[in-house]
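Fold and contact review
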Amino acid sequence: MKNLIDLKRLSLYALKFDLKMKLTAYLFIISLFQIQASTYSQNTKISIQMEDVTIERVLREIESKTEFKILYNDNQVDYKKKVSVNFKKERLSIILDKLFLKTPVVYEVLDKQIVLVLDSNKNKQTIAKKAIEQQTVSGIVTDEASLPIPGANIIVKGTTNGVVTDFDGNYSISVSSEDVLSVSYIGYATKKVTVGNQTTINIQLQPDVEQLDDIVVIGYGTSKKSDLTGAVSQVSAKSFEDQPVTRVEEALQGRASGVTVAKGGAPGAGYKVRIRGVNSVTGNNDPLVVVDGVFGGDLRTLNPNDIQSIEVLKDASALAIYGSRGSNGVILVSTKKGSGKAKVTLDHFVTVSELAKEIPTISSAEFARAKNASLIAGGSPARYSNSQIAALQNNPYDYQDMLFQTGIGNNTQLSVSGGDDKIRYFASGNYTNQQGTVITTKYERFSLRSNVSAKITDKLNIGLNMYGSRETQINNPDNFNRFKGSVILKALTWDPTLPVQDENGAYLTRANIANNGFNPIATLIRSNRERSADRFDANIDLGYKFTDNFKYQLIVGVGTINQNVESFIREDNASDANANHTTIDFSNGRTTNHQVSNILNWNKSFDKHNLDVTGVYEFQGSRFLNNGYLTAGTNTLNFYTSDNEDLSREDFSNGGSQSAITSYLGRVQYNFDNSLYLTGSIRVDESSRFSKENRTGYFPSAALAYSFNKLKFIEDNNVLNNLKIRAGWGQVGNQNINASARFDRTSPDGRTVFDGENVLVGLVDSQEGNPDLTWETTSQLNAGLDVGFLNGRINTSLDYFHKTTEDLLLRTVLPGTTINQFQNVGEVVNKGIDFSLSGSIIENDNFTWDATFTLSHIDNEVTKLTEGRDQILGSVNSIDGTDNPLNVIRKGESLGAFLGATYLGTWKTGETFPAGVQAGDAKYVVDEDGNNVLGVIGNGMPTLTWGFNTTFTYKNWLLNAFVNAATGFDVYNQLAGAINGGTGDYRDDLSLINAGQWTPQNQTESPRRNAPNNLLSSRYIEDGSFIRLSNLKIGYTFDDLVKGINSLQVYASGQNLFLITDYSGYDPEVSSTPVNSDLNNTDAGVGIDLGAYPNPRSFTLGVKIDF
Amino acid sequence: MKKYRKIFKNKNFMVILAITMSSILLFNSCADLDPDPVEFDLPPGTYGSVSELDNAIIGVYGQLTNAAKWTTFHAPSWAGDDITTHAESNKADFREFDQRNVAVTNGRLLSNWDAIFNIVNTANSILVRSEGLIGLGVDPEKVNRLIGEVYFLRGLAFFHAARVHGKIPLPLTRLPDPNIGLSEVVDVFAQIESDFLEAELRLPDVYPGIMPGAVRPNKGSAKSLLSRLYMHWAGFPLKDASKYASAANKAKEVIDNSGTYNFGLVEDLEDLWKLENRFNDESVFTMSYCGDCGFDTANLKNSILGLPGDFDGWQETFAEIRFFEDFPAGARKEATYRTDLDWQNFTDQKNPVFKKVTGPAGDLPAGAFMTGRSDFYMRYAEVLLIYAEASGRSGSVTPEAWDALNMIRRRAAGLPYATPDAGADLTTGDIAELAFEERKWEFAGEYLRWFDLVRMERVDQALTRRDDSGVLNESNTIIGSLGTDNYFSPIPAAVIEANPNLGN
């Protein structure tokens, strides 16, 4: 009886000081490097001989003889106690054991730190041992590979009596024969053993499938993957570190289902990332990027090497906590934290890029002959003499050849990381430079990151993350004059009989035939447009644990982006009579952001009920200021002499905007017995973008999941071991519009001269305010299924979603005006399926084969427009000079609908022609007045995308391949139309002379040469479906090549190695940004090729070294 | 070690936490949900001062300059028998007019439509916003004058569009009704008349402090345009013959007060097209440009736009061959065409060249396309000829009417216009037809001829004559109908797409 009471009291006392919880907590975190650390300490043997000295002296001696640092609390350890020691080449663990024998001091090794802590248990155990005559049981705890597990917990079931295994996995504990030992370690299934008569009990632990679950970042917290109720795709660093990735967006492509990534071909160009289709017609469907809890990250400027994991939140139950900013999906980026022994990684690769495909056009001599023929047929003299044609035959001008080059790129990244229980650090640097495949185009990026976190006390954590980047982009063709087509389109339609320079070296900037624009090669060679952006982000992350169940986290983030454009674009010659196409543009923009998030979290388990409650109060603000200087028609030869001393030709501008959001959020997560999961959340946002009456938005969500894993049919099943169903509903918003969208605006656009000399600038209305403006709301229903087979070796997920986006925000032009207004105009529905299947198909000692397949299907439809409207004309205008829209937002169609005439082939001899038409001309569907009927003639939005990523390793060899594909969409090939000539600035036909063209003898459906041409017709709609080998890599890792190098991998890879498509242009995946990019309505208008920068084919050689 | 233990023990941490929490509340003021919008260029609901109104009116002029600086502004005039364009090249939009085969997708038509309704919308916005100025105690005369200008510009914009399309919408509210329909031509003309009458009422006799030639309109400018309006009202399609008397009356008012309005004829017609004379009394409303101030404010219609490829010209505006050959020889023909050029032997397209477009040889910089040449939107010569023609058609011919006609004839012959000359003067015959014929030659290449042919329903006659072979054939043959069914241009397809109520 007495003993029992004693034990009870002991246990109460013990709870207070019990190390177990603390150990569990940090072992959980450090389990990754535990083995590394113990290896070192295990092997460290030292000799010490000291007489009658304090413990403190002994510890200092150990410090001086080893790399260890010993930490202790002087109130807990009696370091003044005198001892004598005499060890010869003894293991450190044994020395410390002996030193603290019969004291309540235990130690723990964290990498190169030894922490001494008071463990009352240790003391009491001795007492308990004396109290009850017990047997001592010892043994070794090992993992599935029979390797010792240090730090495993061994507890006598039903008591608080327990020990922790030492560095070699050994333990020793006093028990009685009826006791049951419970042996546990993070990531392993807990094992229970009845002691009986045994004195040696060796225990082998098996990995726990469920516990091995990844931790998933879900926004304002984390969750175990198995606990998720929503649709979240995770991309961990591991899945893309096999590929030479310079852009974070590339890491997402094909690896996260439901995410589509459309690359831009220009070095440093923006990639378009879309999550579960496109809801919004405002042009901004960019997902919200949250880096380490701070809003407003830019994937382009991030160093992929810094990334630990990327989580893509897809369904409303996951997104609703981001409220008015979540409707385009959220990408959560977590950057790396160091841990363990200092680790240095160096990665360098060189990339050679080239044009993957040439578009065939007529040769110089053929063009000259064809031109002569058409002139003579029209009664005019020939333009080219026979000798000129002969000269062109021998020395053709191939503008496509002149435009494209082989681009070399370099990428170097270096990172250093490490950490222990107290301090963790990760520092990295990255330098990337890329030459584009179009001459003079370049991109360069430097970045530096420092992530440091410190555990100040058991309760208080502080982290500081800093990231700085500088990017410089030279001559992005999108920033050149594209009024009638990009430089790429110009090169393909340029007069092939005209050299770039005449015999005196003067640039021939204009041609009288073929393309009426400026010589694209002369323009690129003589221009220099440099956009550079410096970005600095810093955030402090402070965590305080009031109790183990109640935590507070404060995230304070500040960011600054300074962007500078120095642009000198020279299209004409200074000697031209009205040299007005040499422009100098100097502009600066500065964006500052701040964010403060306060997060309170409380979680508790009651028996089988687990509850987790989160509350957030958060506010953010952003301010943008810009100024610029512009002068046109300057005669100077370079940028820095831009003052042309003529104020009337110089423009100065200043502007800016400001916005803010205040938010409150509550989330409750509950699960019963790890089987039934419920999540509910609500976020309240107040946004400055809307007037007071429409400012506050409520974004609720609810989700439910049920895991069958505890049911007998799964527990007993050797094949199927995870089955979970999920369903959720929620609402999110989109407020991605200009900060001043609700206000009236004027712009200083009206210029006139009353006296013939002095320019007066008047104000004209440019935007009509809309006080009724409110965010668009997306309601999303999601149902999903997760299935795991063969101990988690094969996992599959299937999600169905139905998203309805109402109150679509649109920057529209008021009918009958050129005044903009932001309006809530209608409704878009996205329905679809996300599917992923991943598996470790083969797992041998020497050979492994992993593969992941993701697939997304999306059906997009505009279901409503505001009353009285059936359609809204799109903002991608034709390049033939007519400014007619190429796309349309129309009820019943997808957002990617193309507008144009329907092409019916050719007019044949003998038919009754309408006025102005002859046999061999193109025929279109017309109305009763003979006018072309404009209708929806195609859709640029893929309905199905998939990706397949597979990795084989054989011994030290690695082979990785990544294939991605998109089907079910069209491309509006304006480039092909322009090459055919006969419209706008494209006066001559540069397509190949071929037998398929209409002639009186052979009346085909392809119009005659030099027929009038209409670019806005279904003649230029092509199927865009493609399958692309995005990446193929072979690598070899050297193990013990050089001392001091842990591993060295060399690899070779190719990107975009082959493309299977029927598309006749460069690449079906690139779509041009609209020329009038101020409307930037880039999604309603996807798939339009106005001469977009093609995706290069590239080859990479690299080396990656771990020290 | 000691340090953090202390913090922990002394519970200083709680203090830090408290500070943090309170600083969060301080920070909260940074999340300003009502930023000051006026910090960035936002307009007031109503004007608070005359200078705001002034600024806004300069904005309308800016829109007019932006529209009128391009040949696009006059593209429909390529339909006349006086102007043609290159047979190939990127001139398809002009060719469609020239060949009477205008597509609903014609880009020039669309640009013009947008440009004209920009002017209308801004004018409407000003009229609404300026209401707040009344009673503010600001200079009422100046406000009145400025408002008069707005009416003038709106009337001009409506008129410019109505001549091309016939039926147009008439938005008069600050923002147009998105579902607005087309108004009947009679209502359109009534609105234009009303705008010009408002302008006439409010504008001064001479706009203070401006260059000669009414760079900003005066009473006389409004009257002159009214007389032009009445000529069209009396002709096709409304054919309200009573308006000839109105036209004659308005023209007469201008003639009688020409001294008050500073209007008159220049002595030598050739001088009119010289850069140095870009501001002159003959223009009753001038659009002014600056050739050296860049793209935005330069005139982009002249010089190399009228030259053939042989001179590195852009061959946009050529003269028709038949018209050139029929043109009576004399000083006016010399002032109208570059007779020094051997157009029949050009290697590129063979058409005569307008001096009115290229300027007299050597007057404009070689190869220039941006010039400071003014547009004489309406010349005093037209007021005189309207008076002569309208007098005839309204049956109230006076000696002043004959004198008006004869002044133009004398100058055309290279004689002093004010001195009667028996060799040039006419005193008998059908003065209306004589004046109509005189207009043909006097305003050749000034984008007026097509609209004269329309109002008199003489398109068929004139364009059939155009295609009578001269020394050489015209390049751009007529494709479309020459009947009244094809007089007006269609409403652009994109406009109808945006608002089906504007369907043709």
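Residues numbered from 1 in each chain as written. Chains lettered and ligands numbered in written order. Predicted model: local features only at pLDDT ≥ 70, side-chain atom pairs only at ≥ 80, totals over all residues. Heavy atoms only, no water.

1. Focus on the packing of aromatic side chains
Geometrically, a pair of aromatic rings is defined through the distance of the ring centres and the angle of the planes. Throughout the structure, instances matching the rule amount to 51 aromatic pairs over all chains. The interplanar angle of 80 degrees and the centroid separation of 5.0 Å between the aromatic rings of Tyr-706 of chain A and Phe-708 of chain A together place this pair among those described as edge-to-face. For the ring pair Phe-189 of chain B and Trp-233 of chain B, a centre distance of 5.8 Å and an interplane angle of 80 degrees mean the geometry is edge-to-face. Here Trp-233 of chain B lies in helix H8 (residues 219-234) and Phe-189 of chain B lies in helix H7 (residues 185-202), a separation of 44 residues in the sequence. By relative accessible area, Trp-233 of chain B is classed as buried at 6%. Ring-pair connections join several aromatic residues into one group, and the members of that group are Phe-323, Phe-324, Phe-327, Tyr-337, Trp-343, Phe-354 and Trp-441 of chain B. A cation sits over an aromatic face here: Lys-1033 of chain A above Tyr-1051 of chain A, 4.0 Å from the ring centre. For Arg-145 of chain B, the ring lying beneath its charged end belongs to Tyr-207 of chain B, and the centroid distance is 4.9 Å. (Phe/Tyr/Trp six-rings, centres within 6.5 Å; stacked < 30°, edge-to-face > 60°. Helix = DSSP H or I, 4+ residues; strand = E, 2+ residues; numbered from the N terminus. Buried < 20%, exposed > 50% of the residue type's maximum accessible area, 1.4 Å probe, protein only. Lys NZ or Arg CZ within 6 Å of the ring centre and 35° of its normal.)

2. Observations concerning the pairing of strand E35 (residues 745-753) of chain A
Remember that side chains alternate between the two faces of the sheet whenever the strand is regular. All names here are of chain A. Burial analysis of E35 places seven of its nine residues in the buried class, which makes it a mostly covered element. Alignment of E35 against strand E36 (residues 759-768), held across seven bridges, turns out to be antiparallel. In the strand pairing of E36, Thr-752 is matched with Leu-760. From the end of E35 to the start of E36, which pair antiparallel, there are five residues, and Gly-756 there has a positive phi angle of about 80 degrees. (Pairing = 2+ DSSP bridges.)

3. What to know about the confidence of the model for chain B
Residue and element names in this part refer to chain B. Summarising the model, chain B shows a mean pLDDT of 89, and 90% of its residues fall at 70 or more. Confidence over residues 1-10 falls short of pLDDT 50; this stretch has 14 contacts with residues more than four positions distant or in other chains. The ipTM, which scores confidence in the relative placement of chains, is 0.89 for this predicted complex, and the corresponding pTM is 0.75. (pLDDT = per-residue confidence, 0-100. Contact = heavy atoms within 4.5 Å.)

4. Side note on the side chain of Thr-796 of chain A
Residue and element names in this part refer to chain A. Assignment of secondary structure puts Thr-796 in strand E38 (residues 794-806). Classification of Thr-796 by relative accessible area gives buried; the value is 15%. There is a polar contact of 2.9 Å between the side chain of Thr-796 and the backbone oxygen of Ser-836. Apart from the residues lying within four places of it in its own chain, the contact partners of Thr-796 are Leu-785, Asp-786, Val-787, Phe-789, Phe-835, Ser-836 and Leu-837. (Polar contact = N/O pair within 3.5 Å; in protein donor to acceptor, adjacent residues only side chain to side chain.)

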